[in-house]
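Structural overview for review
Okay, here's what each chain looks like letter by letter:
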Amino acid sequence: MTAGAKGYVLARLFCTYRRPFLVVTPDARQRDLLYDDLACFLSQMSPTSEGTGPLGKYAPPVATPAAAELERQRLEATYVPLWRLWQQEAVVVVTDAASLQYPVFPPAAIAQRLLSVRVGTVMSPQRLAVALVERGYRRVSLVEGVGEFALRGSILDVFPPTQRHPLRLEFFGDEIETIRTFLVDSQTSVAALQQAVLVPLHPLAPEQVSAASSAARLRAHLLAHGWPEATANAALEHWQHQSPCAWPWGLELFFCDMPISPLSYLPNSGILCCVDAEDLALVLQQPPAAPLVIGETQLPRPAAHLISPPALLAQLQQRADVLLRQYAPASPAASLLSLHLRGVPQFFGQLERFVTQLRRWQAEGYRVLILCRFPLEVQRMHEFLATYELGSRVLEASQAVLEETTWPPGTLLLAVGDLSQGFVFPELKLVVLRQVDIFGEKKRPAPPPRLPRRPLDLSQLERGERVVHVDYGIGIYRGMTRLKVGDDDGDFMEIEYAEGAKLYVPAYRLNLVQKYIGHDGAQVPLDRLGGASWGPHQSTGAGFAAGHGRRARQSARRPPDTARLQLLAGHRPAPRVRKPVRVRRNRRPAARHPGRDGRHGASPAHGAHGMW
């Protein structure tokens, strides 16, 4: 069974039963591949009551150190998909066997921290903001991502992880007057709601973080693996002043008294599917689970924080409802259904061969679905088939092929979608082709190489020295300062340009600034902010890195002049104006006269050759 066929079979089962589905793959690569194939058929399905799609992925970052950019991944790939299963939503959650080895908080821990809001509820905006902070939400000036909220007077915007769009709560005094969803880009309203549930970003409550018994368990584990006592105490104090969302994954289990298996979130009405069931036992016998990563150190996880492979395999075998096997067992069971799915032929742009095969499938009664990546390609394919007198039907979404069975045999269908592999399904008389199966993969030209840009080393830069910004040119470094922009504050580099103009570069954009290296940099003129002296051609990687380095080396070998200093500063020198050259045309002599050699027509201007 090809990878694309697995996605189609599972998507068809989901559309038939509309129950919570938990799909387990042997490894992370197959998990991501199967998730994309399921998205090809289910992405256009109508959203749930919370406005979210029917797909989810459970992939905790077990071996990744804590970082701010991973917070959103942890929110969307850990407790949120598990909670959707527990709420018995019609959702397909895809995971791998290794992710199920790590216990999690019980559902009751999340249920106790739910925050329900409805129109007419009396709660001050400030009180609601404090409750959101306690549940792991981060306050920002403008909501753009999951887990953020913004408070502006009587309006509170919040983006819970179970919603497709953020919520906007409008207060009249301390009473919630309206609840609406809105688009992040345009800030326009989408729908009005009467109530909403704000799911916590993390099940760990503030009182659990400050519990002495939980901190003692973590401290004992650190000391048992060689941490100095002072370092362990400092780390504990640092973590207790942070949101648990920013902790290294697995650290929160020290503050949980009864962790459970992630499989416990699947309700009794849910369906557990194991893909390539033969490989699950082999994968779970490989090296042990990932260690606990804290900064640059790695610690083994306690035995209570891991589910042994034999115990996990027994849970999967006991709970599994659907097993997708690559090969039939020696003694097939009565409930075993054999499917003879196979891959599709590759045509590599041989259109006559493709049309011949298409007509052969039609003669055998197969329905053929051709997937294209873009709507324009669907239209072109429709016109191409019409030139061979092959009528086709364009589907609004590829999901229609899961439910519609009334199409006559031999129907050609076109839809937008991207599948990992095409397949032939003889039992359903269905063929699914990709555009690349017909025309082959297009070779895209490799992008031009860009020189690496090294980060700026502030220890080698002094105030008053020249610096070069990739977009604004040469200025004077005036030091680092701390500024507050809205509700956020941070470190900024202050650069002074011509006419006293100031530019403040945030610390996370210092890779756009380099120290000026040239001959007598104090004499280099400054650029003007918004001026034309620093042209767009200077903002390329080659013009910024290679150009300035080459000009600096040339200026070190030769004495500087005005034109060269302008080049180093990014100025275009004025074009040289050349004087017109007067060209004298050769005129034919009015009268023939004997030349020096005595022949007629040989003038001194033409030497021995005449004008004949």
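In short, a report on the structure. (Residues numbered from 1 in each chain as written. Predicted model: local features only at pLDDT ≥ 70, side-chain atom pairs only at ≥ 80, totals over all residues. Heavy atoms only, no water.)

This part is about the overall build of the protein. When you go through the protein residue by residue, the secondary structure sums to 17 helices and 25 strands. When burial is assessed residue by residue, the protein has 44% of its 612 residues classed as buried. Look at the contacts in the protein between residues 6 or more apart in sequence, and 69% of them connect residues 24 or more apart. On the protein, roughly 33,500 Å² of surface is accessible, and the fraction owed to carbon and sulfur atoms is 52%. (Helix = DSSP H or I, 4+ residues; strand = E, 2+ residues; numbered from the N terminus. Buried < 20%, exposed > 50% of the residue type's maximum accessible area, 1.4 Å probe, protein only. Contact = heavy atoms within 4.5 Å. Areas by Shrake-Rupley, 256 points an atom, 1.4 Å probe, with all protein chains shown as cover.)

The next thing to look at is the sheet that holds strand 3 (residues 92–96). Across the sheet, five strands lie side by side as 2-3-1-12-15; this open sheet has parallel pairing. At either margin of the open sheet sits one strand with a lone partner, and together these are strand 2 (55–57) and strand 15 (322–324). Pairwise comparison of adjacent strand axes, ignoring direction, gives a mean angle of 20 degrees for this sheet. Pairing between strand 12 (residues 271–275) and strand 15: three bridges, direction parallel. Looking at the pairing, Cys274 lines up with Leu323 of strand 15. (Pairing = 2+ DSSP bridges. Axes fitted to C-alpha atoms, helices over the stretch in contact; angles between N-to-C directions.)

Here the focus is the packing of aromatic side chains. All chains considered together, the criterion is met by 10 aromatic pairs. Aromatic pair Tyr8 and Phe423: ring centres 5.5 Å apart, planes at 45 degrees, arrangement tilted. Residue Tyr8 is found in helix 1 (residues 3–17), and its partner Phe423 is found in strand 19 (residues 423–425); the two are separated by 415 residues along the sequence. Judged by relative accessible area, Tyr8 falls into the buried class, the value being 2%. Relative to Tyr265, the ring of Trp86 lies with its centre 6.3 Å away and its plane at 75 degrees, an arrangement referred to as edge-to-face. In this pair, Trp86 is assigned in helix 4 (residues 79–86) and Tyr265 in the loop between helix 9 (229–240) and strand 12, connecting sequence segments 179 residues apart. Its relative accessible area of 0% is what places Tyr265 among the buried residues. Within the aromatic cluster, the residues linked to one another by ring pairs are Tyr8, Phe41, Phe423 and Phe425. (Phe/Tyr/Trp six-rings, centres within 6.5 Å; stacked < 30°, edge-to-face > 60°.)

Attention shifts here to the environment of Thr52. Structurally, Thr52 can be placed in the loop between helix 2 (28–42) and strand 2. A residue is classified by how much of its surface remains accessible, and Thr52, at 8% relative accessible area, is buried. Considering only alpha carbons, one finds Thr52 and His165, 113 residues apart in sequence, at a separation of 8.5 Å.

With mixed pairing, six strands are arranged side by side in an open sheet as 5-6-7-8-9-10. Among the strands making up the open sheet, the edge pair consists of strand 5 (138–139) and strand 10 (189–193). Direction of pairing for strand 5 relative to strand 6 (residues 148–152): parallel, over a ladder of two bridges. Its bridge partner being in strand 6, Arg139 is matched across the sheet by Phe149.

Moving on to empty space enclosed by the protein. Enumeration according to the criterion identifies four cavities of 30 Å³ or more in this entry. Roughly 60 Å³ of volume is contained in the second largest cavity. Lining the second largest cavity we find Leu371, Cys372, Arg373, Gly417, Asp418, Leu419, Arg434, Gln435 and Val436. Elements supplying a minimum of two residues to the lining of the second largest cavity: strand 16 (367–372) and helix 15 (435–439). (1 Å grid on protein atoms, 1.4 Å probe; cavity = no way out; pocket = protein on both sides within 12 Å on 5 of 7 lines; lining within 4 Å. Points joined across faces, edges and corners; volume = space filled by probe spheres on them.)

Here we take up helix 6 (residues 125–134). Buried residues of helix 6: Pro125, Leu128, Ala129, Ala131 and Leu132, and no others. Buried residues of helix 6 fall within an arc of 160 degrees about the axis and therefore sit on the same side. Those residues of helix 6 that are buried are in contact with strand 4 (115–118), strand 6, strand 7 (155–158), strand 8 (167–172) and strand 11 (195–198). Positive backbone phi, at 95 degrees, marks Gly136, one or two positions downstream of helix 6. (Arc of directions from axis to C-beta.)

One non-glycine residue with positive phi stands out, namely Gln88, at about 60 degrees. The residue Gln88 is located in the loop between helix 4 and strand 3 in this model. Positive phi, close to 60 degrees, is recorded for Glu389, a residue that is not glycine.

Running from amino to carboxyl end, helix 8 (residues 212–224) crosses helix 9 at an angle of 140 degrees, the nearest separation of the two axes being 10 Å. Judged on the interaxial angle alone, helix 9 and helix 8 are oblique. Along this stretch, helix 8 crosses helix 9, giving a crossing that reads as right-handed. Contacts from Ala215, Leu218, Arg219, Leu222 and Leu223 of helix 8 reach helix 9 at Glu229, Ala232, Asn233, Leu236, Trp239 and Gln240. Partitioned by chemical class, the residues of the contact of helix 8 with helix 9 number seven nonpolar, two polar and two charged. (Parallel < 35°, antiparallel > 145°, perpendicular 65-115°, else oblique. Left-handed = near helix turned anticlockwise from the far one by under 90°. Nonpolar A, V, L, I, M, F, W, Y, C, P; charged D, E, K, R; others polar.)

The next thing to look at is the pattern of salt bridges. Applying the stated criterion to the full structure yields 17 salt bridges. Notably, a salt bridge pairs Asp32 with Lys57, separated by 3.2 Å at the nearest N-O pair. Here the residue Asp32 occupies a position in helix 2, and Lys57 occupies one in strand 2, the gap between them amounting to 25 residues. You can call Lys57 partly exposed: its relative accessible area is 25%. Residue Asp257 pairs with Arg217 through a salt bridge whose shortest N-O separation is 3.4 Å. (Salt bridge = Lys/Arg side-chain N within 4 Å of Asp/Glu carboxyl O.)

Okay, the nonpolar core next. Leu22, Val24, Leu218, Leu222, Trp239, Ile294 and Leu316 are the most contacted members of the largest nonpolar core, which has 45 residues in total. Once residues within four sequence positions are removed from consideration, Val24 is found in contact with Thr95, Asp96, Ala97, Leu100, Leu272, Cys273, Cys274, Val275, Leu280 and Leu316. (Core = buried A, V, L, I, M, F, W, Y, C linked by side-chain atoms within 4.5 Å.)

Locating Pro103 in the fold gives a position in the loop between strand 3 and helix 5 (107–111). You can call Pro103 buried: its relative accessible area is 5%. The spacing of Pro103 and Gly250 is 147 residues in sequence and 8.9 Å in space, taken between C-alpha atoms.

Let us now look at helix 1. Helix length check: helix 1, at 15 residues, gives a terminal C-alpha distance of 22 Å against a target of 21 Å (1.5 Å per residue), a fit within 8%. Counting buried positions over the 15 residues of helix 1 gives 11, a clear majority of the element. Within helix 1, the full set of buried residues consists of Ala3, Gly4, Ala5, Lys6, Gly7, Tyr8, Val9, Leu10, Ala11, Phe14 and Cys15. Directly after helix 1, the chain includes Arg18, whose backbone phi takes a positive value near 50 degrees. (Expected span 1.5 Å × (residues − 1).)

This next bit is on the side chain of Glu377. For Glu377, the position within the fold is in helix 13 (residues 375–387). In this structure, Glu377 is in contact with Cys372 and Gln435, ignoring residues within four places of it in sequence.

We now examine the environment of Val197. Looking at where Val197 falls in the secondary structure, it is placed in strand 11. Residue Val197 is classed as partly exposed on the basis of its relative accessible area, which comes to 38%. In this structure the C-alpha to C-alpha distance between Val197 and Ser116, which are 81 residues apart in sequence, comes to 4.5 Å. In this structure, Val197 is in contact with Leu114, Leu115, Ser116 and Thr162, ignoring residues within four places of it in sequence.

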